[in-house]
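Architecture and fold: a report
Okay, here's what each chain looks like letter by letter:
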Amino acid sequence: QALFRCCAAGPRKKILHHYYCFASVLDFPGNRSHHRHPIAMALYDGPIIDAHMHLWDLDGKPLGAHWPWLNGPQAIEAHFGGSKHNFDTETRRTYLPEDYVKDTQGHNVVKSVHIQAEAGDPQAETTWLQHQADKHGFPHAICPHVNFADPDVEQHLAFHARHPNVRGIRQMLNWDDADPGIRAPARGDYPRDPQWRKGYALLEKYKLHFELQIWASQADECYDFIKAFPNIQVVINHTVLPKGYLDPSEQALTTWKAGITKLAGLPNVAIKLSGLSMTHHYPTADKMRPYLLYAISAFGVDRCMFASNFPVDKMTTTFHNLYSAFKQVVKDFSPAEQRKLFHDNAARFYRI
C-alpha cells in the first residue's frame, strides 16, 4: 500500500492478428490510420520528455522535505511492483537528478516532469524540487500534492503556484471498496464531495491542471466531475492502471477498457502511457502492447504521452528496457506521431 501511494471513441475495430499479435486480447476503438501501416519503420531516436518521474533524498531532510513511506518501517508487499529486495535496492534509496540522468543514458531525454511522491510536507517537497531544477535543470515541470477538501486549499495552491516550474496538482484518488491495500486517499467519496469540488475548481484560477490517478472502476464518477469543469485540463496517470495480476479476471479487463473509453470521450482529458510494471511484473513490449495501443486508439495520438515512473518502475525494469519496449510498440506509427508520443505532447501539456 505504501508503494502504491507513490505511485471521442468511434466504432471498435479488431486489428489483424498477423499485424499485432495481441489483437485477440483487446479490440481497439476508432479507426486510426496507424493501424494500417504494413511496413515497420525505424525505432524512434528523437528527443524525449519523460512525463512522470520522481526524486527524493533519504539521507537527510533537504529544505525540510522528507518521505515517511520510504524512510519508515512500513512493510512493502512483495507482489506490488516487484520483490521487497528490489524495493530496498532500487527504490528505497536517495534518487537525485544525477541518478536519473545516469539511468536515462542511451535515450535522448531532454526534459522531465516530476509528480509528487507523497512527501510528509508537500510544500517543502516543492521548494526542494525547485531548488533541484534551478541547480541541475531537472525536473522541468513539477506537480505537487494538494488535498482539495482542505479548508486551506487556496493557500496551498497559491504557495505552489509561486514556484516557476509548477504546472499541475496531483491528489491520488485510487479507491477500491473491496481491498483497503490498494487505496490511496483517506476517503473514497472525494469526487462527489461539494467541498472537494470547490477546491478543485480553484485550479482554473491558478492556471494549473489536474493529475488524475484512479482505478478504472472509478471512471464514471470521475467523468462527472471532469465534465463539470471543462476548462481544467486533466492528465490521467499510469494508463488508468489496469489491474493485471491484482485481478486477472476478464471482468477486470472489461472494466478497464470501459473506463479508458469513457474518459477518452472528454476533450479536456489526456493520458500518460506509464506505470504498467506496478501491476504487470517485468514489462516487455509484448506485455504492454495491447494496453498501450488500446489507450492510444481511444484517446488519439494527440492526447497520449509516454512516461517512465522512475524510480518506482526501476524495481522491475531498466529505463533502457522500458523505453526500448515503448519504441518497439509504436515503431509502425509515422515519425510525426512517434515524436508526439515521446516529446511534443508532453511539451504542450506541461508547457515546457
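Relevant structure appears above.
Below: a short report on this structure. (Residues numbered from 1 in each chain as written. Predicted model: local features only at pLDDT ≥ 70, side-chain atom pairs only at ≥ 80, totals over all residues. Heavy atoms only, no water.)

**Comments concerning the overall build of the protein**
On a plain count of helices and strands, the protein comes out with 12 helices and 10 strands. Counting over 352 residues, the protein shows a buried share of 60%. For the protein, the accessible area works out to roughly 13,500 Å², and carbon and sulfur atoms hold 53% of it. (Helix = DSSP H or I, 4+ residues; strand = E, 2+ residues; numbered from the N terminus. Buried < 20%, exposed > 50% of the residue type's maximum accessible area, 1.4 Å probe, protein only. Areas by Shrake-Rupley, 256 points an atom, 1.4 Å probe, with all protein chains shown as cover.)

**A closer look at the sheet that holds strand E9 (residues 269-273)**
Strand order in the open sheet made by the five strands is E6-E7-E8-E9-E10, with parallel pairing throughout. Each of the sheet's edge strands pairs with one partner strand only, and the pair in question is strand E6 (168-170) and strand E10 (304-306). Here the average twist between neighbouring strands, direction ignored, is 25°. (Pairing = 2+ DSSP bridges. Axes fitted to C-alpha atoms, helices over the stretch in contact; angles between N-to-C directions.)

**Some points on the sheet that holds strand E4 (residues 109-115)**
Pairing in this open sheet of three strands is parallel, and the strands run E3-E4-E5 from one edge to the other. Two strands in the sheet have a free side with no partner beyond their single neighbour: strand E3 (48-53) and strand E5 (141-143). Neighbour-to-neighbour, the strand axes of this sheet turn through a mean angle of 15°, independent of strand direction. Across three bridges, the pairing between E4 and E5 is parallel. By the bridge assignment for E5, Val 113 is matched with Ala 141.

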